[in-house]
Amino acid sequence: MRRLTTWLVGGALLLTAGGAQAQTLDPQDPPLGLPPIPVPDDNPITKAKAELGEQLFKEERFSATGEIACASCHEPEKAFTDGRAIAEGIKGRIGTRHTPTVVNAVYYDTQFWDGRRASLETQSLDPLVNPVEHGFSSHESVLEVVRGDADYLEQFREVFGVGADGITMDHIAKAIATFERTQVSGNSPFDRYRYGGQTDAISESAKRGLQVFRNKGRCVDCHTIEQNHATFTDNEFHNLGVGWDRIGDDVFDLVANFRKMKAGDGEAGIDQTILTDDKVAELGRFAVTLDTQDVGRFKTPTLRNVAVTAPYMHDGSEKTLMEVVEFYDKGGNANPLLDGGIKELDLTEQEKQDLVNFMKTLTSPRFAENGGH
């Protein structure tokens, strides 16, 4: 695995991935096409913290078998995904959802496909104690690894000013989140065309695809493009009908049983249930809000680097970008809670290909070697 390094120079972060050219990253001056990077007041980015977070992100001892790290599913050379339809954890255990990319996750208002965590910090804690991911029974096992490693102790002392007994999961979460917060990518061919004024940065087909994206295809309604930047997500949750066939006959019982479980256990065990019960996993945003209208709704993912992060959808059910376009063109998968904006598009074959070619222009130079534009 290629080492990803992160450091600060004159207040700006520099990132490299293997032999890729370093890019400058200043939270207030992000790569072309991106808005300022949100950084919480209680977790400012520093060189040492980002480097510590990178090591923790790649720490395989943070699993019950000593074989799984965050980077096992979020592989840097695969644009921080794993190429699988459904994520695989310790002992080959298969979860229920597709691994989303970490890249540009800093721009999400919530984390996970159902938005059940509000920040990168809180999100980083759940996989460690999920039986199908890292497999620890408690976070104490994570702390034991850190407290028993002399190199980590030195770094935690430098970054947080604490000794072995003072290290907490809050410190670990802040370090991992800081590293993840530095993983942003813009400056794609689309960005150079749309925001850099480089008219020849994308092909004529891609230009036509952009028009389809913004007009007939209505993709921009959810995958937003603003005047000065584009995150390609509205940070909302939508029912496209993906996965509905797995729960349609049982949806009323699933809703009632989940409400009872959450009333009894609260938030405890929700993360585990979602990743071990493939039907509960299809409840989507409902698992957070308990609002029936949210059944089957999932977060709009960014489309940046989408050409190198196949397969697609929360269940990895669409293998190619063309399959995704075909799915939307037919109006999704009909169900009683299908979003009102999901309708047949009646795209021509040329429009479909142009749309795919446009999406390929969203790949940043850092990941272009993986098969993007």
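In every chain, residue numbers begin from 1 and rise along the written sequence. The predicted nature of this model means local features are confined to residues of pLDDT at least 70 and side-chain atom pairs, given and counted, to a pLDDT of 80 or more, with totals for whole chains, interfaces and linings taken over all residues. To get the side-chain values, all heavy atoms of the structure are used, and hydrogens and water are removed first.

Now for the overall build of the chain. Tallying secondary structure elements over the chain gives 13 helices and five strands in all. Note on method: radius of gyration uses C-alpha positions; expected globular size equals 2.2 Å times residues raised to 0.38. Its C-alpha radius of gyration of 21 Å places the chain within 12% of the 21 Å reference for a compact globule of 373 residues. Overall size of the chain, expressed as C-alpha extent along the three principal axes, is 65 × 55 × 35 Å. Each of the 373 residues in the chain was classed as buried or not, and the buried ones make up 56%. Each accessible area is a Shrake-Rupley estimate made with a 1.4 Å probe; only the visible protein chains count as cover when residues are assessed. Here the chain has roughly 15800 Å² of accessible surface; of this, 48% comes from carbon and sulfur atoms. Runs of H or I in DSSP of at least four residues are treated as helices and runs of E of at least two as strands, each being numbered from the N terminus. Here the term buried applies to any residue with accessible area under 20% of the maximum for its type, exposed to any over 50%, and partly exposed to those in between, with areas from a 1.4 Å probe on protein chains only.

What follows concerns the nonpolar core. Throughout, nonpolar core names a set of buried Ala, Val, Leu, Ile, Met, Phe, Trp, Tyr and Cys residues whose side chains join them through atoms within 4.5 Å. Leu52, Leu56, Phe57, Phe62, Val146, Phe156 and Ile172 are the most contacted members of the largest nonpolar core, which has 33 residues in total. Every element with two or more residues in this core is listed here: α1 (47-57), α2 (70-73), α4 (140-147), α5 (150-160) and α6 (169-181). Ranked by residue count, the leading element in this core is α6, at six residues.

This paragraph deals with the pattern of salt bridges. Salt-bridge detection follows one rule: a side-chain nitrogen of Lys or Arg within 4 Å of a carboxyl oxygen of Asp or Glu. Summed over the entire model, instances satisfying the criterion amount to 25 salt bridges. Of the charged contacts, one joins arginine 304 and aspartate 191 as a salt bridge, the two residues approaching to 2.8 Å between their closest N and O atoms. Remark: aspartate 191 occurs in helix α7 (residues 189-194) and arginine 304 occurs in the loop between β5 (298-299) and α12 (321-329); sequence separation between them is 113 residues. You can call arginine 304 buried: its relative accessible area is 2%.

So, on to unusual backbone geometry. Residue proline 311 is reached from alanine 310 by a cis peptide bond, and omega for that bond is 0 degrees. If you trace the backbone, proline 311 turns up in the loop between β5 and α12. In the Ramachandran plot, lysine 91 falls in the positive-phi region, its phi being about 55 degrees despite a non-glycine side chain. When you line up the elements, lysine 91 lands in the loop between α2 and α3 (120-123). Positive phi outside glycine occurs at asparagine 305, with the angle close to 65 degrees.

Before going further, it helps to examine the packing of α12 against helix α13 (residues 349-360). Between N-to-C directions, angles cover 0 to 180 degrees, with each direction set by a line fitted to C-alpha atoms, over the stretch in contact for helices. The N-to-C vectors of α12 and α13 enclose an angle of 130 degrees; their axes lie 10 Å apart at closest approach. With respect to their mutual orientation, α12 and α13 come out oblique. Crossing angle aside, the handedness with which α12 passes α13 is right-handed. Taking contact as the criterion, the partners of Leu321, Met322, Val325, Glu326 and Asp329 in α12 are, on α13, Glu349, Lys352, Gln353, Leu355, Val356, Met359 and Lys360. To sort the angles, those under 35 degrees are grouped as roughly parallel, those over 145 as roughly antiparallel, those from 65 to 115 as roughly perpendicular, and the leftovers as oblique. Less than a right angle of anticlockwise turn of the near helix away from the far helix marks a crossing as left-handed, whereas a clockwise turn marks it as right-handed. Contacts: residue pairs with any heavy atoms within 4.5 Å of one another.

Residue position: alanine 177 is located in helix α6. For the pair alanine 177 and valine 106, spaced 71 residues apart in sequence, the C-alpha to C-alpha distance is 8.9 Å.

For the rest of this paragraph, the subject is the packing of α1 against α6. The interhelical angle for the contact between α1 and α6, taken along N-to-C directions, is 100 degrees, at an axis separation of 7 Å. If you check the angle between α1 and α6, you find them roughly perpendicular. Here α1 contributes Lys49, Ala50, Leu52, Gly53, Glu54, Leu56 and Phe57 to the contact with α6, which in turn contributes Ile172, Lys174, Ala175, Ile176, Thr178, Phe179 and Glu180. Each residue gets one of three labels, nonpolar for Ala, Val, Leu, Ile, Met, Phe, Trp, Tyr, Cys and Pro, charged for Asp, Glu, Lys and Arg, and polar for the others, Gly among them. Partitioned by chemical class, the residues of the contact of α1 with α6 number eight nonpolar, two polar and four charged.

Looking now at the side chain of threonine 363. Position of threonine 363 among the secondary structure elements: in the segment after α13. N or O atoms closer than or at 3.5 Å make up a polar contact, with two conditions inside protein: a donor-capable atom paired with an acceptor-capable one, and, for residues adjacent in sequence, both atoms drawn from side chains. Within polar-contact distance, the side chain of threonine 363 engages the backbone oxygen of lysine 360 at 3.4 Å.

This brings us to α1. Counting buried positions along α1 yields eight of 11 residues, so the element is predominantly enclosed. Those residues of α1 that fall on the buried side of the exposure criterion are Ala48, Lys49, Ala50, Leu52, Gly53, Glu54, Leu56 and Phe57.

Let's shift gears to the domain arrangement of the chain. Boundaries of every domain are those given by an automatic assignment or by a domain database. Examined at the domain level, the chain breaks down into domain 1 (5-181), domain 2 (189-239 + 299-368) and domain 3 (244-295). Opposite the 29 residues of domain 1 that make contact, domain 2 presents 26 residues. Joining two parts hides part of their accessible area as seen by a 1.4 Å probe, and the buried area is that hidden amount summed over both. Taking both partners together, domain 1 and domain 2 bury about 2300 Å²; carbon and sulfur atoms supply 63% of that area. Together, Leu32, Tyr108 and Trp113 form the three largest contributors to the area buried by domain 1 at its contact with domain 2, with a combined 29%. At the junction of domain 1 and domain 2, the tally comes to zero salt bridges. Across the domain 1-domain 2 interface, the total number found is 10 residue pairs in polar contact (both at pLDDT 80 or more).

Pairing of aromatic side chains here covers Phe, Tyr and the six-membered ring of Trp, requires ring centres within 6.5 Å, and sorts the geometry by plane angle: under 30 degrees stacked, over 60 edge-to-face, intermediate tilted. For the structure shown, the criterion picks out 11 aromatic pairs. When the centroid spacing of 5.9 Å and the interplanar angle of 85 degrees are considered together, the rings of phenylalanine 190 and tyrosine 195 count as edge-to-face. By relative accessible area, phenylalanine 190 is classed as buried at 0%. The exposure class assigned to tyrosine 195 is buried, which follows from its relative accessible area of 18%. Seen from their ring centres, phenylalanine 213 and phenylalanine 232 are 6.0 Å apart, and the 70 degrees between their planes marks the pair as edge-to-face. Taken together, the residues span a long stretch of sequence, with phenylalanine 213 in helix α8 (residues 204-214) and phenylalanine 232 in the loop between α8 and β4 (237-238) at a distance of 19 residues. Grouping aromatic residues by their ring pairs yields a cluster made of Phe190, Tyr195, Phe213, Phe232 and Phe358. Positioned over the ring face of phenylalanine 112 is arginine 116, at 3.9 Å from the centre of the ring. Against the face of tyrosine 108 rests lysine 299, its NZ or CZ located 3.7 Å from the ring centre. Our definition puts a charge over a ring when NZ of Lys or CZ of Arg is within 6 Å of the ring centre and also within 35 degrees of the ring normal.

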